[in-house]
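# Structure at a glance
The primary structure of each chain is shown beneath.
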Amino acid sequence: MTPLPPMQWDGDALVPLPNFAKRADSVFVVGEVYRLAPVEDRSPASHRHFFATVNNAWKNLPEDMAERFPTSEHLRKWCLVKAGYRDERTFVASSKAEAVRLAAFVRPIDDYAIVTVNGNTVTQYTAKSQAGRAMNKADFQKSKDAVLDILAEMIGTDPTTLARSEAA
């Protein structure tokens, strides 16, 4: 679904902002009825705080965990998958040996994906995007809270203390 262009209420009707008139023309059909809903923009400060907190947690991982996550981005995406903010792809191979070979083939496709083998089944987990276009304000906040809960547990603190560590 194509995102709707930004509009402004002029007292009588919603009017596309001047820079988006062509896009509105390509999305809407004259005479059609559309249901519109307000969209709350995400807070750039909350977004920056989240990424800074993930980076801080990554820098404070216990040694035995640090080797698993070469970057804070690996850690963030792993936490998203663990929290359920993920897409899954399952492949059924003809044998366990074939599944192991398939997993070796699938693994390098996405450096951040988690690939598991269970018998003759290979499952690839990829983190959902947290980009503004992919995740609304409420979903971003839920995913942020879930990831911060996981990170706090990993580094042995509570989520409030972890979130506060980057609030300044």
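Now for a look at the structure at hand. What you are looking at is a predicted structure, and each value in this text was computed from that prediction instead of being measured.

Each value, and the rule that gives it
Residues numbered from 1 in each chain as written. Predicted model: local features only at pLDDT ≥ 70, side-chain atom pairs only at ≥ 80, totals over all residues. Heavy atoms only, no water. Core = buried A, V, L, I, M, F, W, Y, C linked by side-chain atoms within 4.5 Å. Buried < 20%, exposed > 50% of the residue type's maximum accessible area, 1.4 Å probe, protein only. Helix = DSSP H or I, 4+ residues; strand = E, 2+ residues; numbered from the N terminus. Contact = heavy atoms within 4.5 Å. Phe/Tyr/Trp six-rings, centres within 6.5 Å; stacked < 30°, edge-to-face > 60°. Lys NZ or Arg CZ within 6 Å of the ring centre and 35° of its normal.

### Side note on the nonpolar core
Counting 18 residues, the largest nonpolar core has Leu75, Cys79, Val147, Leu151 and Met154 as the members making the most contacts within it. When contributions to this core are tallied by element, the ones reaching two or more residues are helix H2 (44-59), helix H4 (72-82) and helix H6 (137-155). Tallying contributions element by element places H6 first for this core, with seven residues. Setting aside residues up to four positions removed in sequence, Val147 forms contacts with Phe50, Val54, Cys79 and Leu80. Among the nonpolar cores identified, the runner-up in size contains six residues, and Ala93, Ala99, Val106 and Val122 belong to it.

### Overview of the packing of aromatic side chains
Under the definition given, this model contains three aromatic pairs. With 5.2 Å between their ring centres and 80 degrees between their planes, Phe50 and Phe51 make a pair best called edge-to-face. By relative accessible area, which is 0% here, Phe50 ends up buried. A relative accessible area of 30% places Phe51 in the partly exposed class. Arranged with centres 5.3 Å apart and planes meeting at 65 degrees, the rings of Phe69 and Trp78 form a pair that is edge-to-face. Judged by its relative accessible area of 3%, Phe69 falls in the buried class. Note on Trp78: relative accessible area 19%, which makes it buried. In textbook terms, an aromatic cluster arises when at least three aromatic residues are bridged by ring pairs, as seen for Phe50, Phe51 and Phe140. Over the face of the ring belonging to Phe140 we find Arg42, whose NZ or CZ atom lies 4.0 Å from the ring centre.

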